[in-house]
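As a plain string of letters, each chain reads:
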Amino acid sequence: MRTDMPQTFYLKDYQNPPFTVDQIHLDFDIFDGKTIVTATTAYKKNHDGDLPLILNGEHLDLISVKIDGALLTKDQDYQLDDKILTLPCPAQDSFRLEIVTEINPEKNTRLDGLYQSGGTYCTQCEAQGFRCITYFQDRPDVMTYFTVRITADEKTCPVLLSNGNLTHTGKAADGRHYTVWEDPIAKPCYLFALVAGDLVHIADTFKTMSGKNVDLRICVREGDQDQCHFAMKALKDSMKWDEEKYGREYDLDLFNIVAVSDFNMGAMENKSLNIFNTALVLAQPETATDRDFERVEAVIAHEYFHNWTGNRITCRDWFQLSLKEGLTVFRDQCFSGDMNSHAVQRIDDVDLLRRMQFPEDSGPLAHPVRPDNYIEINNFYTVTVYEKGSEVIRMQHTLLGDETFRKATDLYFERHDEQAVTCEDFVKCMEDASGEDLSQFFLWYTQAGTPALNAVTNYDAGTKTFSITLRQSLADTPGQTNKKPMHIPVRFGLIGPDGQDLIDETILHLKQAEQTFTFDNIDEKPVPSILRGFSAPVKLSTDLSNDDLRFLMVNDTDGFNRWESGQIYALRVLNEAIDASEKDQDFDLPQDFIDSYGSLLAQAFDTDCDKALLTRALSLPDITVIGQHRSNVNPQAIDNVRREIITELVEKHGDALRKIYQDNRSAGAFINSFEARSKRALQNFVLGLLGTAKHENAVSWAKTQYDAANNMTDRLAALSALCQTDSSERSEALAHYYDTFKTHQLAMDKWFNVQASAGRDQIMDDLALLITHDDFTYTTPNRVRSVFSAFGMLNPAKFHDESGAGYDFLTDAIIKLNGINPQIASRLVTPLRDWKRYSPDRQEKMRACLERIAETPNLSDNVFEIVSKSLKA
Ligand code: 0A1
Ligand code: ZN
């Protein structure tokens, strides 16, 4: 166990920066093996006393420090440790500090600050990477004007990029050259970026709403250009959408995107120089799935939208991270809905929230959308800050209505442009534009945990009144007890026996622990549709019967609730079956359930069928979702029961399923429309179902599909089905895939992923082969995720094998990665985090693994925080 306790940072300790920065000039001299950074910064004293200037700096070799030209001496004129450089308060109110540091990007496997990816130098400064470049007040409320000069070898680094406008270029000695960049907009240092390397680009232009032309570029490695056109279209669509929906125009003449293969996250919104994981830029049908295309579109939009929600208006401190992330996720979700399908988008967003955020919110690392303390801020780029943060913005949109919400965001952009602000500042704009009092609503930012919402309904035929009583409660979370009732907007409808809405859809404002809402003049017993569109991130329980659910599955006008009713119904059936199996009792799948599944399948033959929605309706809740509704979770047992039920459904509806598969088989040229993608989704869903049920056609159909595939969606779905088996077709397809795609990194990630997530009995042997494969490496996060996240997150039945072998496998990787890339290591702990939810034997093994990690020498703050908090629970 680490004995030195790392520092915890608290929101309540926030203070204004003691010094502000008028401007900074950065000079990068890049050589193979070392980079010299000279930072010349104009500081201004920002307080009355004599506070020292405290500069953050890590992994740096300090060469020299000068104030107004005078060289300073260590220990005499300043103090230095491995994290902080402290200068006593200078006598003058304004002064120029020149700091020279040496860094070694070639050796940087942490992938923050300046590092190298495939020969290209690039930066990642959010949240605190800038301090690995030079000594600076590394905090988002220090905004300033950057000029940057980059000098490097002209042959190996013909392209030299930074933020803002290119102002000078020229030759330097020894075959070197330089560029100078000036960013006219003040920004915090986490938005600084630099790229130097041998890159090619595709170019386009966008004419903004005021008629300005913006040059757009996507820079990639030679050979990858053809895979950039979809991202370029997504960028232009995003720029247009932000103008139309939010009145936001792009503010510079140039917008660059650079794709690199080694990246800790998805992408980064650096001002005018976004840096992306290649996985979220490159997309062409032969190597990217339909899902990849959707993600590229969404993330391109997300980073672009940050230009206003994040960059022009940024966060005062990192506790406010959701100010930019929640809002920007909300914006990208709405964009994707507009580009594709709102109902499908909502279902997928809620599905993600439930599978990932609900467990976080009820586990040992539960934290509010606005956390109030952290050890390592990189651990707080969470689904709570992002996805629940987006739900919190969505609720404000719901409370204000579309028009007033727009007025409120206009006010926000006007009032806070070029400022670093708080979540309170945002909500105040919502209040000022609407006249609403959102003080109770603000609890959504400060109270952790998912509220439980219970609905009890009553119809009185005599008085023709319908009433609904809503009760809310919020469980304790680490550090938070006795929580207050929240303001929960419950979108609500009443449906008559003929399937018609009996009232105009309304919003019930639940503000107290319990409230009853009554509706008069309801002539017949209605079925209530509660929480339409999932209008609040809560766990809803109701007194609806299975008949009611089946009725809503067909009749609800709200697409989300039609899907939701089917899921609740399926969950009930699955849970009964699992209960029976745990008690060694027989269980007969209810005929009503079999029939209602058959009715859903029949929809596939309607000419106007929405196949994307239907595919989701046909999908049974997965092991993770089912597990959330149980205690002493045994994922293997859940998996067995789920497979049995699927097998029975396939037996009962074999003809329909076979016909749906054949009717929807891809044929002819590849089409990338929403309709075509929906059709592929249905086809591949059915193939997966047949595979799970070990249907007699499954292997041969999957192999035929694999062999005929002209796109990655069909190919990977077929390969995935084959990978569940021990057939010769599996080995043949894997070998063929390897031969075909061995030089394409992203396609190879899928080759690893599909094997690591397969439910084969030989999985531990498969994994051992994968991590000793020549193409495996611990230094590329995508490859690491393709094995370890795929296994830990997508393969619960095997990861939680009772032997504990899965836990040990992940633990070894975490310990290894702790020394290579702490951010990636700490994210890999997630599958072990909720150990207390599992069966006692599993709990014991998971806890032992967490302890083994805790005892690792030189444990990083990142891993320490997650592991120690998990163990404390
Ligand atoms: N702001 C980015 C997310 C991001 C955060 C940290 C990173 O490196 C450690 C990289 C990206 C976004 O929301 O897209
Ligand atoms: Zn973001």
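Quick note: structure is the one above.
Please read these numbers as outputs of a predicted model, since none were measured by experiment. (Residues numbered from 1 in each chain as written. Chains lettered and ligands numbered in written order. Predicted model: local features only at pLDDT ≥ 70, side-chain atom pairs only at ≥ 80, totals over all residues. Heavy atoms only, no water.)

Chemist: What is the right way to look at the overall build of the protein in this model?
Modeler: A tally of helices and strands in the protein yields 28 helices and 32 strands. In terms of C-alpha radius of gyration, the protein reaches 28 Å, essentially the compact-globule figure of 29 Å for 873 residues. Taken over the C-alpha atoms alone, the protein extends approximately 85 × 65 × 60 Å along its principal axes. Taking all 873 residues of the protein together, the buried fraction comes to 59%. Summing over all exposed atoms, the protein offers an accessible surface of approximately 34000 Å²; the carbon and sulfur share of this is 47%. One way to put it: in the protein the 90 positive side-chain charges average out to a point 1 Å from where the 133 negative ones average out. (Helix = DSSP H or I, 4+ residues; strand = E, 2+ residues; numbered from the N terminus. Rg over C-alpha atoms; globule rule 2.2 N^0.38 Å. Buried < 20%, exposed > 50% of the residue type's maximum accessible area, 1.4 Å probe, protein only. Areas by Shrake-Rupley, 256 points an atom, 1.4 Å probe, with all protein chains shown as cover. Lys, Arg positive; Asp, Glu negative; His and termini not counted. Charge placed at Lys NZ, Arg CZ, Asp CG, Glu CD.)

Chemist: Where do I start with unusual backbone geometry in this structure?
Modeler: A negative phi angle is the norm for most residues apart from glycine, just as the trans form is the norm for most peptide bonds. A cis geometry characterises the amide bond from Glu 126 onward to Ala 127, with omega recorded as -5°. Of note in this structure, Ser 272 is not a glycine but carries a positive phi near 60°. Along the polypeptide, Ser 272 turns up in the loop between strand E21 (267-268) and strand E22 (273-277). Even without being a glycine, Asn 521 presents a positive backbone phi close to 60°. Residue placement: Asn 521 occurs in the loop between strand E30 (514-519) and strand E31 (527-530). By relative accessible area, which is 65% here, Asn 521 ends up exposed.

Chemist: I'm lost on the state of the cysteines in this one. Help?
Modeler: Put plainly, a disulfide is one covalent bond tying together the sulfur atoms of two cysteines. In the structure shown here, the tally under the stated rule is zero disulfides. No disulfide involves Cys 429; its nearest neighbouring cysteine sulfur is the one of Cys 423, lying 12 Å away. (Disulfide = S-S within 2.5 Å.)

Chemist: What's the story with the site of ligand 1 in this structure? I'm lost.
Modeler: Contacts to ligand 1 come from 15 residues, most closely from Glu 126, Glu 269, Glu 303, Glu 325 and Tyr 386. His 302 has a polar side-chain atom sitting 3.2 Å from an oxygen atom of ligand 1. Between ligand 1 and Glu 303, the relevant distance is 2.5 Å, taken from an oxygen atom to a side-chain nitrogen or oxygen of the residue. Counting only elements with at least two residues in the shell around ligand 1, the list comes to E21, helix H2 (290-305) and helix H3 (321-339). (Near = heavy atom within 4 Å. Polar contact = N/O pair within 3.5 Å; in protein donor to acceptor, adjacent residues only side chain to side chain.)

Chemist: Explain empty space enclosed by the protein to me, please; I cannot follow it from the model alone.
Modeler: Over the atoms a probe the size of a water molecule is rolled, and this reveals where empty space is left. For the structure on display, the rule yields two cavities of 30 Å³ or more. In this structure, the largest cavity occupies an estimated 120 Å³ of space. Around the largest cavity, the lining comprises 15 residues; the ones closest to its centre are Ile 530, Leu 540, Asn 561, Glu 564 and Ile 568. Residue assignment for the lining of the largest cavity shows that the elements contributing at least two residues are E31, strand E32 (539-542), helix H9 (546-555) and helix H10 (559-582). No other element matches H10, which puts five residues into the lining of the largest cavity. (1 Å grid on protein atoms, 1.4 Å probe; cavity = no way out; pocket = protein on both sides within 12 Å on 5 of 7 lines; lining within 4 Å. Points joined across faces, edges and corners; volume = space filled by probe spheres on them.)

Chemist: Explain the nonpolar core to me, please; I cannot follow it from the model alone.
Modeler: Considering soluble globular proteins, one finds that nonpolar side chains tend to be buried as a cluster. Formed by 105 residues in total, the largest nonpolar core has its most connected members in Phe 593, Ile 645, Leu 719, Phe 788 and Leu 832. Ignoring sequence-local partners within four residues, the contact set of Phe 593 consists of Tyr 569, Ala 570, Val 573, Leu 620, Ile 645 and Leu 649. Core analysis: the next-biggest nonpolar cluster, separate from the first, contains 97 residues, Ala 301, Val 392, Phe 426 and Leu 510 among them. (Core = buried A, V, L, I, M, F, W, Y, C linked by side-chain atoms within 4.5 Å. Contact = heavy atoms within 4.5 Å.)

Chemist: Please clarify how the packing of aromatic side chains should be interpreted in this entry.
Modeler: Centre-to-centre distance and the angle between the planes together describe a pair of aromatic rings. According to the stated counting rule, one finds 44 aromatic pairs in the structure shown. Put simply, the rings of Tyr 738, Trp 751, Phe 752, Phe 776, Tyr 778, Phe 788, Phe 791, Phe 799, Tyr 807 and Phe 809 pair up and form one aromatic cluster. One cation-aromatic arrangement involves Arg 176 over Phe 31; the distance from NZ or CZ to the ring centre is 3.8 Å. The ring centre of Tyr 14 lies 3.6 Å from the NZ or CZ of Arg 316, which sits over that ring. (Phe/Tyr/Trp six-rings, centres within 6.5 Å; stacked < 30°, edge-to-face > 60°. Lys NZ or Arg CZ within 6 Å of the ring centre and 35° of its normal.)

Chemist: Whenever I open this one, the packing of helix H19 (residues 728-741) against helix H20 (residues 745-756) confuses me. Can you help?
Modeler: Each packed pair of helices is defined by two parameters, the angle between the axes and the distance between the axes. In contact at an axis separation of 9 Å, H19 and H20 are set at 160° when each is read in the N-to-C sense. The pairing of H19 with H20 is recorded here as roughly antiparallel in orientation. Both H19 and H20 take part in a crossing whose hand is left-handed. Between H19, through Arg 730, Leu 734, Tyr 737, Tyr 738 and Phe 741, and H20, the contact on the second element is made entirely by Ala 747, Met 748, Lys 750, Trp 751 and Gln 755. Taken together, the residues that form the contact of H19 with H20 break down as seven nonpolar, one polar and two charged. (Axes fitted to C-alpha atoms, helices over the stretch in contact; angles between N-to-C directions. Parallel < 35°, antiparallel > 145°, perpendicular 65-115°, else oblique. Left-handed = near helix turned anticlockwise from the far one by under 90°. Nonpolar A, V, L, I, M, F, W, Y, C, P; charged D, E, K, R; others polar.)

Chemist: I'm lost on the side chain of Thr 469 in this one. Help?
Modeler: Looking at the element boundaries, Thr 469 is found in strand E27 (residues 465-473). The exposure class of Thr 469 is buried, given its relative accessible area of 14%. A polar contact of 2.9 Å, which involves the side chain of Thr 469, links it to the side chain of Thr 516. The contact partners of Thr 469, leaving out residues within four places of it in the chain, are Asn 454, Ala 455, Val 456, Glu 514, Gln 515 and Thr 516.

Chemist: Mind showing me how you'd approach the pattern of salt bridges here?
Modeler: Tallying each qualifying case throughout the model produces 66 salt bridges. Of the charged contacts in the structure, one is a salt bridge between Glu 648 and Lys 652, with a shortest N-O distance of 3.1 Å. Of the two residues, Glu 648 and Lys 652 are both situated in helix H14 (residues 635-652); the distance of four residues between them amounts to about one turn of the helix. Here Arg 760 ties to Asp 766 by a salt bridge, and the two come within 2.7 Å at their closest N and O atoms. Exposure class is identical for Arg 760 and Asp 766. Each is buried. The structure contains a network of salt bridges with shared partners spanning Arg 491, Asp 501, Glu 505, Arg 532 and Asp 556. (Salt bridge = Lys/Arg side-chain N within 4 Å of Asp/Glu carboxyl O.)

Chemist: Any chance you could explain the sheet that holds E31 here in plain terms?
Modeler: Sheets are built from strands that pair by backbone hydrogen bonding, the pairs being arranged parallel or antiparallel. What the three strands build is an open sheet, ordered E29-E28-E31; its pairing is antiparallel. Two strands close off the open sheet at either side, each with one partner strand: strand E29 (506-510) and E31. Each strand of the sheet is rotated relative to its neighbour by a mean of 35°, with strand direction disregarded. Summarising the sheet, strand E28 (residues 488-495) and E31 pair through four bridges and their orientation is antiparallel. Across the sheet, Phe 492 pairs through a bridge with Ile 530, a residue of E31. The strands touched by helix H5 (residues 383-400) are E28 and E29; relative to E28, the strand with the most contacts, the crossing angle is about 60°. (Pairing = 2+ DSSP bridges.)

Chemist: How should I be thinking about the environment of Ala 452 in this particular structure?
Modeler: Relative to the helices and strands, Ala 452 is located in strand E26 (residues 452-460). Judged by its relative accessible area of 33%, Ala 452 is partly exposed. For Ala 452 and Ser 541, which are 89 residues apart along the polypeptide, the C-alpha to C-alpha distance reads 7.8 Å. Those residues in contact with Ala 452 that sit more than four places away from it in its chain are Arg 471, Gln 472, Ser 473 and Lys 539.

Chemist: Teacher, can you tell me more about the pairing of E30 here?
Modeler: On a regular strand, one side chain projects to one face of the sheet and the next to the other, so that they alternate. Where burial is concerned, the two faces of E30 differ: the one with Gln 515, Phe 517 and Phe 519 is buried and the one with Glu 514, Thr 516 and Thr 518 is not. In the sheet, E27 pairs with E30 via six bridges, with the strands oriented antiparallel. Following the sheet pairing, Leu 470 is matched in E30 by Gln 515.

Chemist: Would you mind showing me how to read the side chain of Asp 183 here?
Modeler: Note on placement: Asp 183 falls in the loop between strand E15 (176-182) and strand E16 (187-188). Only 2.9 Å separates the side chain of Asp 183 from the side chain of Lys 187, close enough to count as a polar contact. For Asp 183, the contacting residues outside a window of four places in its chain are Tyr 145, Phe 146, Asn 163, Gly 164, Leu 252 and Lys 271.

Chemist: Would you mind showing me how to read helix H17 (residues 698-708) here?
Modeler: An α-helical segment advances 3.6 residues per turn. Residues three or four places apart therefore align on the same side. Ala 698, Trp 701, Ala 702, Lys 703, Gln 705 and Tyr 706 are the residues of H17 that are buried. At its buried positions, H17 is contacted by helix H15 (654-663), helix H16 (674-692), helix H18 (712-723) and H19.

Chemist: What is the right way to look at the pairing of E28 in this model?
Modeler: Burial of E28 is extensive: seven of the eight residues sit out of reach of the surface. Taken together, the five bridges between E28 and E29 define a ladder with antiparallel strand orientation. Within the sheet, the bridge partner assigned to Phe 492 lies in E29 and is Thr 506.

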